[in-house]
Amino acid sequence: MTTHEPPQQDRFFEPVFVARQPILDREARVFGYELLFRLAAADATAQMSDAGTATAKVIVDGFPLALETMVEPKKMFINFPADLLLKQAPLALPQDLCVVEILEDVPPTKEVLAACRSIKNAGYLLAVDDFVGQPELAPFLDMADIVKVDVLGMSPERMAQVAKPLLAREVALLAEKVEDAAGHEAALALGFRYFQGVYFSRPEV
């Protein structure tokens, strides 16, 4: 007797590209990587209008993909918009590896702050992204473990104005968008603990 199996449904596999950019410590050792979603391997920047969709892609596909490429697991910084913070999405990732980046446009509402506090209490590190002194981000600074200061185009004097109040909080400072040796040296002198930018490495897809 000959049996006929029903035809297999065509499957569509969407390629996923994740860029990673190293984050170095003061001794130029790799502390971790920021994971960035890309629509194509050649993309230099993210091309995704929906931040939640981009982060979900990184969580579902990009995180394990990036982990497989590492000889030794490192901290992985991932941007989380407000809706995914409210949904407690970071809890889907290992707390010893995931650093939760709070985007600069996340509103510090009571609900968002409560969600962030719950995530922190679960053992995750919280990082405030793209900080340049915005007063509206102050509620996040109170619970942040790391503050990423956008030093692109900053003079050493302006960098000091932004950094000194944060250092008084005993929070770890990360200089991001470091483009040259002068910016790196200025941040080192001020006491920044971590460094990220094209001066060290461009994001690798």
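Reading the values: rules and limits
- Residues numbered from 1 in each chain as written.
- Predicted model: local features only at pLDDT ≥ 70, side-chain atom pairs only at ≥ 80, totals over all residues.
- Heavy atoms only, no water.
- Helix = DSSP H or I, 4+ residues; strand = E, 2+ residues; numbered from the N terminus.
- Expected span 1.5 Å × (residues − 1).
- Buried < 20%, exposed > 50% of the residue type's maximum accessible area, 1.4 Å probe, protein only.
- Contact = heavy atoms within 4.5 Å.
- Salt bridge = Lys/Arg side-chain N within 4 Å of Asp/Glu carboxyl O.
- Phe/Tyr/Trp six-rings, centres within 6.5 Å; stacked < 30°, edge-to-face > 60°.

Moving on: helix α5 (residues 156–168). Residues spaced three or four apart along an α-helix point in a common direction, a consequence of the helix completing one turn every 3.6 residues. The end-to-end C-alpha distance of α5 is 18 Å, a good match for the 18 Å that 13 residues give at a rise of 1.5 Å each. Buried residues of α5: M159, A160, V162, A163 and L166, and no others. Contacts made by the buried residues of α5 are with β5 (125–131), α4 (138–141), β6 (146–150), β7 (172–176) and α6 (181–190). Phi turns positive, to about 60 degrees, at E170, one or two residues after α5.

Let us look at unusual backbone geometry. In most cases, non-glycine residues show a negative phi, while peptide bonds are predominantly trans. Located in the positive-phi region is A28, a residue other than glycine, with phi close to 65 degrees. Residue classification places A28 among the exposed residues on the basis of a relative accessible area of 56%.

Right, let's talk about the environment of P73 for a bit. For P73, the location among the structural elements is in the loop between α1 (51–68) and β3 (75–80). For the pair P73 and D96, spaced 23 residues apart in sequence, the C-alpha separation works out to 9.8 Å. Not counting residues up to four positions away in its chain, the partners in contact with P73 are L67 and L97.

Another point: the pattern of salt bridges. Inspection of the entire model under this criterion finds 9 salt bridges. Residues E101 and K148 are paired through a salt bridge, measuring 3.0 Å at the closest nitrogen-oxygen approach. Of this pair, E101 sits in strand β4 (residues 98–102) while K148 sits in strand β6, and the two are 47 residues apart along the sequence. Using a relative accessible area of 0% as the deciding quantity, one classes E101 as buried. The buried category is assigned to K148, whose relative accessible area is 0%. Members of the salt-bridge network, linked through shared partners, are E34, E101, K148 and E176.

A word on the packing of aromatic side chains. For the structure on display, the rule yields 3 aromatic pairs. Judged by centre distance (6.2 Å) and plane angle (70 degrees), the rings of F31 and F77 are edge-to-face. Of the two residues, F31 sits in strand β2 (residues 30–38) while F77 sits in strand β3, which places them 46 residues apart along the sequence. The exposure class of F31 is partly exposed, given its relative accessible area of 21%. Seen in terms of ring centroids, Y199 and F200 are 5.1 Å apart; in terms of plane orientation they differ by 70 degrees. Their pairing is edge-to-face. Residue class for Y199 comes out partly exposed when judged on its relative accessible area of 38%. What makes F200 partly exposed here is its relative accessible area of 24%.

Worth remembering: the numbers are spatial, not functional.
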